[in-house]
Amino acid sequence: MLELLKEIGAVLEGHFLLSSGKHSSKYIQCAKIFELPSYGEKIGKAIAEKISQHKPDIVIGPALGGVILAYEVARHVNARAMFTEREDGRMRLRRNFNIEENERVAIVEDVTTTGKSVLEVAEVVREHGGQVCCIASIVDRSVEKLPFEVPFYSLVKLELPIFEPNDCPLCQQGVPLVKPGSRKHIV
Ligand SMILES: [Zn+2]
């Protein structure tokens, strides 16, 4: 699966500023997976195979990264697809999406680092009466144990080299620092 991500061009090598403020020589650009629908379908199917045993009625993901993924996974487990989005900083279920009492909901996201956004989605699901049956992501980039109470699946477990800014070999070599998504050098 890591080979597939590399083939897709989703694994970037360079010198990246992570949202945590730390630096890394690798970055996963999951949006790249869905540039070609045939790849997106493959990834969705692979996750569906892992979670179908939980028989979800709904597959839900946080916008933006989880929108197409939820749709592709839902296609293969024959469930409804939904997404949550932030409004005034708070995760919400909008656009008339509806979860019935006790419906089984699988949460999916592209990259899991701390699990924070998944927990926010889980709270939204419970507020609407649904029960979270499992969680799945394409890439598990976590370094600490994830705070999930339901089964968690990932297609790739990735140990990214992560450096403190003041102790980064790439900085010392003078490699330009890039903020992923912006394509701009920031140093
Ligand atoms: Zn650096």
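Computed from a predicted structure; not experimentally measured.

1. Some words on the overall build of the chain
Thinking step 1. When helices and strands are counted, the chain shows 5 helices and 9 strands.
Thinking step 2. Reading the chain from its N terminus to its C terminus gives the helix and strand order α-β-β-α-β-α-β-β-β-α-β-β-β-α.
Thinking step 3. Relative to a compact globule of 187 residues, whose C-alpha radius of gyration would be 16 Å, the chain shows 17 Å and is just as compact.
Thinking step 4. When its C-alpha atoms are laid out on the principal axes, the chain stretches across 55 × 35 × 30 Å.
Thinking step 5. A separation threshold of at least 6 residues defines the contact pool for the chain, and within that pool the share at least 24 residues apart is 59%.

2. Quick notes on the coordination of the zinc ion
Thinking step 1. On the protein side, the zinc ion has H15 (NE2), H23 (ND1), C168 (SG) and C171 (SG) as donor atoms, found 2.0 to 2.4 Å from it.
Thinking step 2. Each of the 4 donor atoms around the zinc ion contributes to a set of angles spanning 98 to 120°, which defines the coordination as tetrahedral.
Thinking step 3. The sequence pattern describing where the donors of the zinc ion fall on their chain is H-x7-H-x144-C-x2-C. Both residues of the pair, H15 and H23, count as buried.

3. Quick word on the UniProt feature "domain: Phosphoribosyltransferase" (unreviewed entry) in the chain
Thinking step 1. Here, UniProt's "domain: Phosphoribosyltransferase" (unreviewed entry) annotation points to residues 38-159.
Thinking step 2. Secondary structure content for residues 38-159 is 30% helix and 34% strand, while the C-alpha to C-alpha distance between its ends is 27 Å.

4. Remarks on the environment of Y27
Thinking step 1. For Y27, the position within the fold is in strand β2 (residues 23-28).
Thinking step 2. Linking Y27 and A10, residues 17 residues apart in sequence, is a C-alpha distance of 8.0 Å.
Thinking step 3. Residues contacting Y27, with those up to four places away along its chain left out, are A10, V11, L12, F16, L18, R141 and P180.

5. Thoughts on the packing of helix α2 (residues 37-51) against helix α3 (residues 67-77)
Thinking step 1. With their axes 8 Å apart at the nearest point, α2 and α3 run at an angle of 55° to one another. The angle between α2 and α3 falls in the class oblique. Seen from above, α2 lies across α3 with right-handed handedness. Of the residues in α3, those touching α2 at G40, E41, I43, G44, K45, I47, A48 and I51 are L69, E72, V73, R75, H76 and V77.
Thinking step 2. When grouped by side-chain class, the residues that make up the contact of α2 with α3 number 7 nonpolar, 3 polar and 4 charged.

6. Looking at the UniProt feature "binding site: orotate" (unreviewed entry) in the chain
Thinking step 1. Here the UniProt-annotated "binding site: orotate" (unreviewed entry) positions come out as T113 and R141. The greatest C-alpha distance among the residues just named is 4.9 Å, despite their covering 29 residues of sequence, which places them together in space.
Thinking step 2. Note on placement: T113 falls in the loop between β6 (104-112) and α4 (116-127).
Thinking step 3. Residue T113 is classed as partly exposed on the basis of its relative accessible area, which comes to 30%.
Thinking step 4. Leaving out residues up to four positions away in the same chain, T113 has contacts with R141, S142, V143 and L146.
Thinking step 5. Side chain to side chain, T113 and R141 meet in a polar contact 3.4 Å long.
Thinking step 6. Looking at the element boundaries, R141 is found in the loop between β7 (131-140) and β8 (152-157).
Thinking step 7. According to the relative accessible area criterion, R141 is buried, its value standing at 14%.
Thinking step 8. Dropping the residues within four chain positions of it, R141 is found in contact with L18, Y27, V111, T112, T113, L158 and L160.

Rules used throughout
Residues numbered from 1 in each chain as written. Predicted model: local features only at pLDDT ≥ 70, side-chain atom pairs only at ≥ 80, totals over all residues. Heavy atoms only, no water. Helix = DSSP H or I, 4+ residues; strand = E, 2+ residues; numbered from the N terminus. Rg over C-alpha atoms; globule rule 2.2 N^0.38 Å. Contact = heavy atoms within 4.5 Å. Donors = N, O, S within 2.8 Å, 3.2 Å for Na, K, Ca; no water. Tetrahedral: all angles 85-135°; square planar, octahedral: opposite > 155°, others 65-115°. Buried < 20%, exposed > 50% of the residue type's maximum accessible area, 1.4 Å probe, protein only. UniProt positions renumbered as here; feature names shortened; annotations may be inferred. Axes fitted to C-alpha atoms, helices over the stretch in contact; angles between N-to-C directions. Parallel < 35°, antiparallel > 145°, perpendicular 65-115°, else oblique. Left-handed = near helix turned anticlockwise from the far one by under 90°. Nonpolar A, V, L, I, M, F, W, Y, C, P; charged D, E, K, R; others polar. Polar contact = N/O pair within 3.5 Å; in protein donor to acceptor, adjacent residues only side chain to side chain.

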